[in-house]
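Fold and contact review
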Amino acid sequence: MSPARVASIDDSALAALYAALDGLRRSEDPLDPRHDEAWRTLSRWIRERTHTQDRRRDDVVQESLLAIARHVGQMDATSPRQAAKWASTILRRKQIDLSRADAVDAVAHGLVAGEDAIDGVASPEEGVSPAVLEEQYRRIEELVLAHIEETEPSATVRLTRRAMARAAIYRFVRDLEPDAIEARLALPEPVGKDRLYKWIERGRTLVAEAIRAWATAHPDESDVQAIAAVVIELVEARRADAGKPRPERRKS
């Protein structure tokens, strides 16, 4: 297919997306049955951009459509490409939100570190106590810090990298706010917001490297592979507000 033909198809898809969103934006009731065709267009567009290997693909699509229904009245897009960017932002947030929920679930079902498996993790039916969940988070942090100790020869650099990695874990795996992150770091002097944001961003790579090394060391352990995949996805995904303070958590 020629580049011109591809561009024409892309433009047509963007135009259809904008028409659907604009029609819903102008409607007093976006969920009225008369908008069925618009929702079919949106569903196709979102599904085509959701990873086919994602085991929660249907959840991502449905959550994205619900978020669009709630917020389309406030959409300020005035062109097809702006509308696509707006819808893509919602889709990406939903992918990350559901990945974060998966991370909590995966971690809660036991973290295997080396040869030592954690026993006594509650079943899904029983629920997970805060104490058990806290223990699983702690083990992830220990894995990352141990990797830094083993791979960084400089004691000074190790100190900074440990703080960066912990900041990234607290932000992207535990979903803590900046003030809570700084409190947990408990450093001798205030970090400062600008430096904290830089640490959070730089810590992403450190966490991903450590977890990949852990997964590589245990290729046949399914629990390790599953948890590693989720944690890596969380720290490597970039949301619109990554590393920035959020006065209120998004509910959409």
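Report on the accompanying structure. As the structure is a prediction and not an experimental result, all values here were calculated from the model. Every chain's residues receive numbers from 1 upward, in the order its sequence appears when written. Local features are withheld for residues below a pLDDT of 70 in this predicted model, meaning they are given only at 70 or higher, and side-chain atom pairs are given and counted only at 80 or more; totals for whole chains, interfaces and linings count all residues. Each side-chain value is derived from all of the structure's non-hydrogen atoms; neither hydrogens nor water enter the calculation.

**Considerations on unusual backbone geometry**
Our working rule: In DSSP terms, a helix is any run of H or I states spanning at least four residues, a strand is any run of E spanning at least two, and both are numbered starting from the N terminus. The classification of residues rests on relative accessible area computed with a 1.4 Å probe and restricted to protein chains. Under 20% of the type maximum is buried, over 50% is exposed, and intermediate values are partly exposed.
Although it is not a glycine, Asp-175 adopts a positive phi angle of roughly 60 degrees. Residue placement: Asp-175 occurs in the loop between helix H6 (155-173) and helix H7 (178-185). Residue class for Asp-175 comes out buried when judged on its relative accessible area of 14%.

**Some points on the side chain of Asp-22**
Selection rule: We define a polar contact as two N or O atoms separated by no more than 3.5 Å, with the added condition that, inside protein, one atom must be a possible hydrogen donor and the other a possible acceptor, whereas residues neighbouring each other in sequence contribute only through side-chain atom pairs.
Mapped onto the elements of the fold, Asp-22 is located in helix H1 (residues 3-26). Classification of Asp-22 as buried rests on a relative accessible area of 12%. Here Arg-26 takes part through its side chain, which lies 2.8 Å from a polar atom of the side chain of Asp-22.

**Focus: the pattern of salt bridges**
The condition is simple: What makes a salt bridge here is a side-chain nitrogen of Lys or Arg within 4 Å of a carboxyl oxygen of Asp or Glu, nothing more.
Scanning the model with the defined rule gives 17 salt bridges in all. Residue Arg-49 is joined to Glu-48 by a salt bridge in which the shortest nitrogen-to-oxygen separation is 3.5 Å. Since its relative accessible area comes to 36%, Arg-49 is described here as partly exposed. Of the charged contacts, one joins Arg-171 and Asp-175 as a salt bridge, the two residues approaching to 3.2 Å between their closest N and O atoms. When its relative accessible area of 0% is taken as the criterion, Arg-171 is described as buried. Several salt bridges converge on common partners, so that one network encompasses Asp-22, Arg-25 and Arg-26.

**Concerning the nonpolar core**
So the rule is basically this: Here, nonpolar core refers to any group of buried Ala, Val, Leu, Ile, Met, Phe, Trp, Tyr and Cys residues whose side-chain atoms link them within 4.5 Å.
Counting 36 residues, the largest nonpolar core has Val-144, Ile-181, Val-207 and Ile-211 as its most contacted members. Sort the elements by how many residues they give to this core and helix H8 (residues 193-217) lands first, with ten residues. The next biggest cluster of nonpolar side chains, apart from the first, holds 26 residues, and it includes Ala-20, Leu-21, Leu-65 and Ala-83.

**Digging into the packing of H7 against H8**
Worth spelling out the cut-off: Helix axes are fitted to C-alpha atoms over the stretch in contact, other axes to C-alpha atoms as well, and angles between N-to-C directions run from 0 to 180 degrees. The scheme is simple: roughly parallel for angles under 35 degrees, roughly antiparallel for over 145, roughly perpendicular for 65 to 115, oblique for anything else. Contacts: residue pairs with any heavy atoms within 4.5 Å of one another. Amino acids are sorted into nonpolar (Ala, Val, Leu, Ile, Met, Phe, Trp, Tyr, Cys and Pro), charged (Asp, Glu, Lys and Arg) and polar (every other residue, Gly among them).
Close contact between H7 and H8 brings their axes to 11 Å; oriented N to C, the two are set at 85 degrees. Classed by the angle they form, the pair H7 and H8 counts as roughly perpendicular. Residues Pro-178, Asp-179, Ile-181, Glu-182 and Leu-185 of H7 touch H8, and the partners they reach there are Lys-193, Leu-196, Tyr-197, Trp-199 and Ile-200. Of the residues assigned to the contact of H7 with H8, the class counts are seven nonpolar, no polar and three charged.

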